[in-house]
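Given next are the chains, with one letter for each unit.
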Amino acid sequence: MLLELMYDKNYRPMKFRELCVLLDVSKARRYELETALNQLVDEGKIGISTHGKYGKPELFTLKGSFSSTSRGFGFVTVEEKDNDIFIAPDNTLGALPGDVVLVSVISHANGSRREEGRIVRILEHTLTSVVGTFQKNKNFGFVLPDNQRILRDFFVEKGKDMDAQNGDKVVATILDYGNEHKNPQVEVTEILGAKNEPGTDVLSIVRSYGIPEEFPQEVLDSLDSIPEEVTEAEKIGRRDMRDFHTVTIDGEDARDLDDAISLTFENGIYHLGVHIADVTHYVKEGSLLDEEAKNRGTSVYLADRVIPMLPRKLSNGICSLNAGTDRLALSCLMDIDEEGTIVNHEICETVICVDRRMTYTMVADILDGAEAPEEYKDFVDDFKLMKQLSDLLRKKRSGRGAIDFDFPESKIILDEKGRPIEIKAYEHSAATRLIEDFMLLTNETIAEEYYWLELPFVYRIHETPDEEKLRTFATFLNNFGYSLHLTNHTIHPKELQKLLSRIEGSEAEGLISRILLRSMKQAKYSPENLGHFGLSAKYYCHFTSPIRRYPDLQIHRIIKEQLHGTLSKSRQEHYEHILPSVCDSSSKLERRADEAERETDKLKKAQYMRRHIGDIYEGVISGVTAYGFYVELTNTVEGLVRAANLDDDYYIYDQEHYQLVGEMTGRTFSIGQSVSVVVVDADTLTKQIEFLLYYPEEDWSKGETRHGKRKSKTHRK
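These numbers were taken from a predicted model, which means no experiment stands behind them.

Remarks on the sheet that holds strand β31 (residues 668-670)
Item 1. With antiparallel pairing, three strands are arranged side by side in an open sheet as β29-β30-β31. Since the sheet does not close on itself, it has two edges, and those belong to β29 (651-654) and β31, each with one partner. With direction set aside, neighbouring strand axes in the sheet form an average angle of 20°.
Item 2. Judged from the three bridges that link them, strand β30 (residues 659-662) and β31 form a sheet pairing that is antiparallel. Bridging across to β31, V661 finds its partner in T668.

Next comes the structure, spelled out in structure tokens:
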């Protein structure tokens, strides 16, 4: 009766009390009506508005993008909402990650409880293919997705498997998306290789993220018109800076050298030159090269390979600032006083010739007092001067409130077959810091100039955190005895910087830093200058890496047109039209690259720890959940200790203080606590590593533990 009423063309959504009056339901029986309405809402047959009115579900649905989790539930991101809508496992309608869906809200946010919804219709599938392991049966097969957020297997008809063998890694095109009760159907279109074949593991990640690896032939053919060396004609009209002491400082493995430094000091003024490869001289707007670079967005740096944004003939050749060769550059020349303030600057097209190709390790050793090799002795004073200016700039940036998160990065060393043989924390040195300081200063200088010129531009923005998230974080801090000063419902980054200084070295440092990072917004590209909260900078952009980031290349194009006086009103209108799309696309492609890099690192860490099962490590608790706690080792590997395996007590999760507390013993496990663990599992499919707590009193000589796990001979020894 309710369905017949609500689907009638004359029905208008009503509240519960109005329905009671309309249907003449007595007070004694209203609970029955409420039960029936709730059941229909749960089944998705009717919907309920934010004001409590009932009607057809499509009247109250919202359009959004679905993202799933490996635990079955998911979230729908709706543009006009600040927070995502939670979707329980039974309410996903079989949606796949990235699907555009209609969601009906079935319960509203209440305190810490999220708004909950049910997917009522899938409007568009964005996933067109899947990467996974082929499982062969007699008359058919299945593809088991590598992506753990896809919780469905994909059916393969006989004859549509390309003769893939059991265990092969494959790419399969989706033919039929199925439904809640029927598996999606696919056709195998590429066999990547056997599961354990070298390189197949990372190639699977590359394919699953849709990252283009090979350049189309027509793009490669277009390189034929680009010279191998800079011609004399190309140098005309440029400032000649080949006589300046100029160096590049990069990692040992770097081949795409897009920034070089020159520095002198006289009469109390530092003359800093940051020279960036003039990529747009070769990559013209609208060309095949430009379109390909835009579609890639960024170079992708994975554990065993680099997937460049530009073909290597450019990125490692004519655009790379290789030592001893003339190169075209776009230079930012800055005069800086002894307070660290820029008193004058100029942006110009130049021709440079790098004197020395230095590495971070070399420069760091020299700055630490090591004797420089003969070929670098003439540059020792340059490096000391660079360190002096770097310290000055860093102090000035810190003084204004720039936030510096110091989370350890991983350095994964592989053998010739791509197997991880060592994992260690990447050390930041004085050399890496000075290059960072000079690039930050340059990016700020460029952004400020073009902001005041009121020209279309691409900014790198980092918005102020949401008020609600700040308040939640402030409440969380109170549990640890710290406070946060909010002014007019917002905060200055200097307050967060002071907080990080206060917690430095404490057991809670790791937890508070991570929760703070999660409370902040993600940096992105925008045609509108909204400032950079994390750097406490009013103006910021990405200018210094046009070989590997498309926004930098786009900025160079605008700058050069302005320098040449060709940035007419029509060209400005052109940029105003295209830049929103460029910013949005570049931000998304950057996130895709970051996710692929993280997945690859997790995979290699799991492979590495798989060979160390039974080994004992020291670590620090880095996260606590209701189902256990995560431990980060000194080599940056992170693994889970399950609460179910803490058999000395029954542990209860204290959400307010982010710790597990023993019900009988009162023993606690909280963030920052040092523990000893034993590696018991490393799953290369899920990329998850599992630990057990190490108890020194156990008899390891017999290979036995309190958990009944037997250790390897190496471990017992």
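Following the structure, the description resumes.
Digging into unusual backbone geometry
Item 1. The phi torsion at L93 lies on the positive side, around 60°, for a residue other than glycine.
Item 2. Checked against the element boundaries, L93 lands in the loop between β5 (85-87) and β6 (100-107).
Item 3. Even without being glycine, D163 reaches a positive phi, approximately 60°.
Item 4. One can find D163 in the loop between β10 (154-157) and β11 (168-176).

Some words on the sheet that holds strand β32 (residues 674-683)
Item 1. Pairing is mixed in the closed barrel, where five strands are placed in the order β26-β27-β28-β33-β32. Each neighbouring strand pair of the sheet contributes to a mean axis angle of 50°, computed without reference to strand direction.
Item 2. Judged from the five bridges that link them, strand β26 (residues 616-625) and β32 form a sheet pairing that is antiparallel. By the bridge assignment for β32, G619 is matched with V675.
Item 3. Along the sheet, helix α16 (residues 569-610) contacts β26, β27 (628-633), β32 and β33 (688-693); its crossing angle with β32, the most-contacted strand, is approximately 95°.

Here we look at the pairing of strand β14 (residues 247-250)
Item 1. Residue alternation in β14 divides its side chains into two sets, V247 and I249 and T248 and D250, and both sets are buried.
Item 2. As paired strands, β14 and strand β21 (residues 356-359) are joined by four bridges and run parallel to one another. Paired with T248 across the strands is R357, a residue of β21.

Here's the deal with the environment of T442
Item 1. Relative to the helices and strands, T442 is located in helix α11 (residues 430-452).
Item 2. Judged by its relative accessible area of 0%, T442 is buried.
Item 3. Between the C-alpha atom of T442 and that of C332, which follows or precedes it by 110 residues, the distance is 6.8 Å.

Side note on empty space enclosed by the protein
Item 1. Applying the stated rule across the entire model yields one cavity of 30 Å³ or more.
Item 2. Quantified by volume, the largest cavity comes out at close to 40 Å³.
Item 3. Lining the largest cavity, in full, are I211, P212, R296, T298, V300, I307, P308 and R592.
Item 4. Its residues assigned to classes, the lining of the largest cavity shows five nonpolar, one polar and two charged.

Digging into the packing of helix α12 (residues 467-478) against helix α14 (residues 509-519)
Item 1. The N-to-C vectors of α12 and α14 enclose an angle of 170°; their axes lie 10 Å apart at closest approach. Classified by the angle their axes make, α12 and α14 are roughly antiparallel. Counting all contacts with α12, which are made through K469, F473, F476 and L477, the residues of α14 involved are L511, I512, I515, L516, R518 and S519.
Item 2. Partitioning the contact of α12 with α14 into residue classes produces seven nonpolar, one polar and two charged.

Comments concerning the layout of surface pockets
Item 1. Computed from the structure, the second largest pocket encloses a volume of approximately 420 Å³.
Item 2. Lining the second largest pocket are 19 residues, and of these I342, R400, L441, E444 and E448 sit closest to its centre.
Item 3. Counting only elements with at least two residues in the lining of the second largest pocket, the list comes to β20 (342-353), α10 (380-400) and α11.
Item 4. Among the elements that make up the lining of the second largest pocket, the one with the highest residue count is α11 (seven residues).
Item 5. Of the residues contributing to the lining of the second largest pocket, the split by class is six nonpolar, five polar and eight charged.

Regarding the confidence of the model for the chain
Low pLDDT means the predicted atomic positions in that stretch should not be read closely.
Item 1. Across the chain, pLDDT averages 90, with 96% of residues at or above 70.
Item 2. Strand β16 (residues 269-277) holds the highest mean pLDDT among the elements of the chain, 98, whereas helix α17 (residues 713-716) holds the lowest, 31.
Item 3. Here residues 699-717 is a poorly scored stretch, pLDDT under 50, and it has 41 contacts once near neighbours within four places are set aside; other chains count.

A few points about the pairing of strand β12 (residues 185-194)
On any regular strand, side chains alternate: one points to one face of the sheet, the next to the other face.
Item 1. With two bridges joining them, β10 and β12 adopt parallel strand pairing. Looking at the pairing, F155 lines up with Q185 of β12.
Item 2. The pairing of β11 with β12 spans eight bridges and is classified as antiparallel. The residue of β12 that forms the bridge with I174 is V186.

Calculation notes
Residues numbered from 1 in each chain as written. Predicted model: local features only at pLDDT ≥ 70, side-chain atom pairs only at ≥ 80, totals over all residues. Heavy atoms only, no water. Pairing = 2+ DSSP bridges. Helix = DSSP H or I, 4+ residues; strand = E, 2+ residues; numbered from the N terminus. Axes fitted to C-alpha atoms, helices over the stretch in contact; angles between N-to-C directions. Contact = heavy atoms within 4.5 Å. Buried < 20%, exposed > 50% of the residue type's maximum accessible area, 1.4 Å probe, protein only. 1 Å grid on protein atoms, 1.4 Å probe; cavity = no way out; pocket = protein on both sides within 12 Å on 5 of 7 lines; lining within 4 Å. Points joined across faces, edges and corners; volume = space filled by probe spheres on them. Nonpolar A, V, L, I, M, F, W, Y, C, P; charged D, E, K, R; others polar. Parallel < 35°, antiparallel > 145°, perpendicular 65-115°, else oblique. pLDDT = per-residue confidence, 0-100.

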